[in-house]
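The primary structure of each chain is shown beneath.
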Amino acid sequence: MVAFDVTGTILSFRGTLEEHYLGAATKLGVENVDTFEFADAFGKAYKETSKLYPCFGGDEMSAKEWWRTCVLSSFRYAGATMDNQTAEIVFQRIYSTFGSISAYEIFPDALPFLKWARRNGLVCGVLSNADERYGDSILPMLGVTHDELQFQCFSKDLQMEKPDPRAFMAAIETGGPFLATSEPLDPSNVLHIGNDFQKDFEAARQIGIHAALLDRYKETELANEWRRRGVPVFRDLLDVVEFLGRSQC
């Protein structure tokens, strides 16, 4: 069985955070936004909202309400001034963009790999610190269906997130029924693929799951550091085929 992170592994963002957020605000005449520090403002808001409402609000609030809090806090920290009506319109535009394929593109090797895996009897799925929109709309609109990703585990639904080992065990339990066996799935027969050392590699290895990281953005220094720490690092998913053969996951 193979479990994937989503962003940075199967798909990537189109454009930049500033382009999407500030573009929506500028069209409505929002002023006094510190464009040069907006990424930091968003980072602060995201961290704060995650602390107050873990796992995109879990069962306490909807993902949309969670993102409303985060988005509007981002603009507040960036110095934006706007009335409540304008703020709501800005948020709705941003939320709609990130619920569609306008802000995403699938890596060209993702679908070929998933189709190859299915032909070879591998069960594939998602384990991601994200809300349910990836599974409900974004991945299907990019052509990735339940035929390619049989199981989907998002932190919003699990109410836990990587690197919590329980998230990985939840993925095993969710993906297990898709296997052609009634035996419990051994973690040593699972491979997790992502792009974060702590969340995707170290946490998986701690409970006996094989793991590999992708260097999608050619971050040579970072990738070399991962290798020095014993991580199998690959440029794309096509390189993973050989690794799967060796690891017998």
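Scroll up a little and you will see the structure.
Conventions adopted
- Per chain, residue numbering runs from 1 following the sequence as it is written.
- Restriction of local features to residues with pLDDT of at least 70 applies here, the model being predicted, together with a cutoff of 80 or more for giving and counting side-chain atom pairs; totals for whole chains, interfaces and linings are based on all residues.
- As a rule here, side-chain values cover all heavy atoms of the structure and leave hydrogens and water aside.
- Each aromatic pair joins two rings of Phe, Tyr and Trp (for Trp, the six-membered one) with centres within 6.5 Å, and gets the label stacked for planes under 30 degrees apart, edge-to-face for over 60, and tilted for any other angle.
- Only runs of H or I of at least four residues qualify as helices and only runs of E of at least two qualify as strands under DSSP, and these elements are numbered from the N terminus.
- Between buried and exposed lies partly exposed: a residue is buried under 20% and exposed over 50% of the maximum accessible area for its type, with that area taken using a 1.4 Å probe on protein chains only.
- Distance and angle both matter: a charge sits over a ring if NZ of Lys or CZ of Arg is within 6 Å of the ring centre and within 35 degrees of the ring normal.
- Fitted lines through C-alpha atoms serve as axes, helices being fitted only where they are in contact, and the angles separating the N-to-C directions of these axes extend from 0 to 180 degrees.
- The scheme is simple: roughly parallel for angles under 35 degrees, roughly antiparallel for over 145, roughly perpendicular for 65 to 115, oblique for anything else.
- Here is the rule for handedness: rotate from the far helix to the near one, and if that takes an anticlockwise turn smaller than a right angle the crossing is left-handed, while a clockwise turn gives right-handed.
- Whether two residues touch is decided by their heavy atoms; if any such pair falls within 4.5 Å, the residues are in contact.
- Residues are grouped as follows: Ala, Val, Leu, Ile, Met, Phe, Trp, Tyr, Cys and Pro are nonpolar; Asp, Glu, Lys and Arg are charged; every other residue, Gly included, is polar.

### Description of the packing of aromatic side chains
Phase 1 of the analysis: This structure, assessed with the given rule, holds 21 aromatic pairs.
Phase 2 of the analysis: Each ring, one from phenylalanine 13 and one from phenylalanine 98, has its centre 6.2 Å from the other, and the planes form 70°; the classification is edge-to-face. Of this pair, phenylalanine 13 sits in strand S2 (residues 11-13) while phenylalanine 98 sits in the loop between helix H4 (84-97) and strand S3 (104-106), placing them 85 residues apart in sequence.
Phase 3 of the analysis: Accessibility expressed as a relative area gives 42% for phenylalanine 13, which makes it partly exposed.
Phase 4 of the analysis: Owing to a relative accessible area of 12%, phenylalanine 98 belongs among the buried residues under this scheme.
Phase 5 of the analysis: Residues phenylalanine 13 and tyrosine 104 carry aromatic rings whose centres are separated by 5.5 Å and whose planes lie at 35° to one another, so their mutual orientation is tilted. Of the two residues, phenylalanine 13 sits in strand S2 while tyrosine 104 sits in strand S3, which places them 91 residues apart along the sequence.
Phase 6 of the analysis: The positively charged end of lysine 44 is found above the aromatic ring belonging to tyrosine 77, 4.2 Å away from the centroid.
Phase 7 of the analysis: A cation over an aromatic ring shows up here: arginine 229 above the ring of phenylalanine 197, its NZ or CZ 3.9 Å from the ring centre.

### Describing unusual backbone geometry
Comment: phi is negative for the bulk of residues other than glycine, and the bulk of peptide bonds are trans.
Phase 1 of the analysis: Lysine 162 connects to proline 163 through a cis peptide bond whose omega is 15°.
Phase 2 of the analysis: Take proline 163: it is sitting in the loop between helix H7 (155-158) and helix H8 (165-175).
Phase 3 of the analysis: Despite not being glycine, cysteine 55 has its phi angle at roughly 55°, a positive value.
Phase 4 of the analysis: One can find cysteine 55 in the loop between helix H2 (38-52) and helix H3 (63-77).
Phase 5 of the analysis: According to the relative accessible area criterion, cysteine 55 is buried, its value standing at 9%.
Phase 6 of the analysis: In this structure, phenylalanine 56 takes a positive phi of about 55° despite not being glycine.
Phase 7 of the analysis: The topology assignment puts phenylalanine 56 in the loop between H2 and H3.

### Description of the packing of H2 against H3
Phase 1 of the analysis: Between H2 and H3, the least distance of the axes is 8 Å, while the angle of their chain directions is 140°. Comparing their axes, H3 and H2 come out oblique. Every pair of crossing elements has a handedness; the one defined by H2 and H3 is right-handed. For the pair H2 and H3, the contacting residues are Phe38, Ala41, Phe42, Lys44, Ala45, Tyr46, Glu48, Thr49 and Ser50 in the first and Trp66, Trp67, Thr69, Cys70, Ser73, Ser74, Phe75, Arg76 and Tyr77 in the second.
Phase 2 of the analysis: Of the residues that constitute the contact of H2 with H3, the class distribution is ten nonpolar, five polar and three charged.

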